[in-house]
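# Chains, contacts and geometry: an overview
Okay, here's what each chain looks like letter by letter:
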Amino acid sequence: MHLKRDEVSTMSFSVFGVVAALLIGLLRLVLVVAVVVLIVRALVHMNREPSLSVKQPVSSGGPSDDSSGGSSGGLMEGEAVPDMTAGGPMPIVRRRMACALLVGVAVLVMVLIVGFVVPKDMYRIASMAPGLAASAVMLALALPFPDMSDRLGGGQVRTASLQSREPWTYARRYVLMQPMLAAGLLIIYLGYTTVTASPDDFGLMRSIQLVAPNGTWAHSSGPYPGSYYSIPLAVVTLVLVGLTCAALWRIAHVPSAPEARFADADRLWRVLLTRFTVFLSVGTMLVYASAVLMVAGTATVRVGTNSGTWSSAYADDVYPTLGNIQIIMGGVVAVLAVIYLVMACSALVQLWTSPRRTR
Amino acid sequence: MMGGGDDVRLVIRESSPVPVYEQIREQIEGMVRAGLLHDGDKLPSVRQLAGDLRIAPGTVAKAYAELAEQGVIETAPGRAARIRRVATIPEPLLEAAKDYAGQSRRLGSSLEDAISALRAQW
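Residues numbered from 1 in each chain as written. Chains lettered and ligands numbered in written order. Predicted model: local features only at pLDDT ≥ 70, side-chain atom pairs only at ≥ 80, totals over all residues. Heavy atoms only, no water.

### Structural notes on the domain arrangement of chain B
The following threshold applies: Residue ranges for the domains trace back to a domain assignment, done automatically or taken from a database.
Taken domain by domain, chain B consists of domain 1 (2–83) and domain 2 (91–121). If you average the C-alpha positions of domain 1 of chain B and of domain 2 of chain B, the two centres end up 23 Å apart.

Below is the structure:
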């Protein structure tokens, strides 16, 4: 069977169209991957300060702070540097970290159980669980630390650094601002969803409504983060950012070990714990932001398309577009949230492993 | 006192006949004159230094008050103490001291022995 010229032309165009569409799709994928890689590199670079690196070589052979005097004694080439964190403040800090994580997990489980017990508010209570758990971790870190001098035997000779310790001693200022920035943006967005929400069949502000200009019909869709969800989430966010600030202050102001040989360990744990605190706090708020964006976006698309029954040629098209934008942004924010939580875990692992180095 | 790098450290000795506040005052003054602390450098708060050295805050406050009286530091309520511009030890003398300290350490001498030897020659 011979094809007519028109059919051949049409088929060639169709094949060309498919190939072009595939290439465009591939290009889009490459662009998205490139953007994500750039964002990750920017975040990693932004949140790392060379002077705060935890990979600085451990110094030795400095003036001795031992009253017995004598030479400090250097190390031979190739000899392993003793783990400067062994017996130092690290065991105390690790114990506090473990307690904080246990408290966080306990609060998470308890809040979820309460949600099950009160099924009427199950989703609202469950939505607060991650923020309350992170707040519990921050609270545990904000409590006073036990005195390290008894454990370390601060005796006749004691030393202290003359460097003033503040939270920005252990992280860049714009890193420390990230929890407040994330909280501010999240609360602003929750404000937006609050004012755009409508009452549902039970009179609770947890749906979004689209009403015809002439008032002949009205469609609503939920769940939507109206005041029923947004107010508790905003309160949890404020509590979390407040406790984050308290934890950062505590980390900087815990009295240091009174022996010079623990100076590196002292700095190490403060840098790592500061990073963990900031990254966990921001990661949690980004998780909330992502979830709120996706829930709000999905409800907005549904109400704009009448749960998918209207055609894509719907003249208004505002709600579906707005909804899709929110869903896409929710996806991007979810990626950022994962990055921050991974960075928090990385800081925690470094705090726990405290590397031993050789010269 | 211990210096070098970014971390300048105070050392106090309970066994010393010199009162603790005087040890703090002496060392900070010495660091300023030796150029380890510079004009405008911020000192830790009374509470921070007292907590790190495991001494009463009043002891640190007394040392800071005397340093302020001498004009070595300036203090103000609610603000961190800062170093004021003071005459420093001449650079050739600092270099000589550095050489002497290095030689003493190589010979295995204690700080007390090194100071005693210097005092004897003085």
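### Here we look at helix α3 (residues 57–70) of chain B
Residue and element names in this part refer to chain B. Stated precisely, the cut-off is as follows: Secondary structure elements follow DSSP: runs of H or I no shorter than four residues count as helices, runs of E no shorter than two count as strands, and numbering proceeds from the N terminus. For a helix, the expected span equals 1.5 Å multiplied by the residue count minus one. For every residue, the accessible area (1.4 Å probe, protein chains only) is compared with the maximum for its type, and the residue is labelled buried under 20%, exposed over 50%, or partly exposed between those bounds. Arc, as used here, means the arc of the directions from the helix axis to the C-beta atoms. Contacts between residues were defined by any pair of non-hydrogen atoms, one from each residue, lying within 4.5 Å.
Its 14 residues place the ends of α3 20 Å apart at the C-alpha level, agreeing with the 20 Å of an ideal helix rising 1.5 Å per residue. Along α3, the positions that sit buried rather than exposed are Val60, Ala63, Tyr64 and Leu67. Down the axis, α3 shows its buried residues gathered within 95° of arc, on one side only. Structurally, α3 contributes buried residues whose contacts are with α1 (20–33), α2 (46–53), β2 (73–76) and β3 (79–83).

### Some words on the environment of A:Arg158
The following threshold applies: Under the rule applied, a polar contact is a pair of N or O atoms within 3.5 Å (in protein, one hydrogen donor and one hydrogen acceptor; residues adjacent in sequence only if both atoms are side-chain atoms).
Tracing the chain through its elements places A:Arg158 in strand β1 (residues 157–161). Taking the C-alpha atoms as reference, A:Arg158 lies 8.1 Å from A:Ala260; in sequence the two are 102 residues apart. With sequence-adjacent residues up to four places away left out, A:Arg158 is seen in contact with A:Pro258, B:Leu10, B:Val11, B:Ile12, B:Glu14, B:Leu53, B:Arg54 and B:Ile55. A distance of 2.6 Å separates a polar side-chain atom of A:Arg158 from the backbone oxygen of B:Leu53.

### Considering the UniProt feature "domain: HTH gntR-type" (unreviewed entry) in chain B
The condition that has to hold: UniProt positions are given in the numbering used here, feature names are shortened, and annotations may be inferred rather than shown by experiment.
Following the UniProt record, the feature "domain: HTH gntR-type" (unreviewed entry) maps to residues 18–86 of chain B here. Structurally, residues 18–86 of chain B comprises 52% helix and 13% strand, and the distance from its first C-alpha atom to its last is 24 Å.

### So, the pattern of salt bridges
As a reminder of what qualifies: In what follows, salt bridge is the name for a side-chain nitrogen of Lys or Arg lying within 4 Å of a carboxyl oxygen of Asp or Glu.
The final tally for this structure, using the stated rule, is 10 salt bridges over all chains. Taking the shortest distance from any N to any O, the salt bridge between A:Arg124 and A:Asp121 comes out at 3.8 Å. The partly exposed category is assigned to A:Arg124, whose relative accessible area is 24%. Salt-bridge contacts for B:Arg25 lead to B:Glu29; the nearest nitrogen and oxygen are separated by 2.7 Å.

### What to know about the confidence of the model for chain B
Detailed reading of the predicted coordinates is not advisable wherever pLDDT is low. To keep things clear, this is the line we draw: Residue-level confidence of the predictor, termed pLDDT, takes values from 0 up to 100.
In the predicted model, chain B carries a mean pLDDT of 88, and 95% of its residues have values of at least 70. With pTM at 0.76, the complex prediction returns an ipTM value of 0.75.

### Describing the nonpolar core
Heads up, the rule is: By nonpolar core we mean a set of buried residues, namely Ala, Val, Leu, Ile, Met, Phe, Trp, Tyr and Cys, connected to one another through side-chain atoms within 4.5 Å.
Judged by nonpolar contacts, the single largest core of 64 residues is most densely connected at A:Leu141, A:Trp269, A:Leu273, A:Phe276 and A:Leu351. Broken down by secondary-structure element, the contributors of at least two residues to this core are α2 (90–117), α3 (122–142), α5 (173–176), α6 (178–196), β3 (205–211), α7 (227–253), α8 (263–304) and α9 (318–353) of chain A. The dominant element in this core, judged by the number of residues it contributes, is α8(A), at 18 residues. Excluding residues that lie within four positions of it along the chain, A:Leu351 makes contacts with A:Met90, A:Val93, A:Arg94, A:Met97, A:Trp269, A:Leu272 and A:Leu273. Core analysis: the next-biggest nonpolar cluster, separate from the first, contains 25 residues, B:Met31, B:Val32, B:Leu53 and B:Val60 among them.

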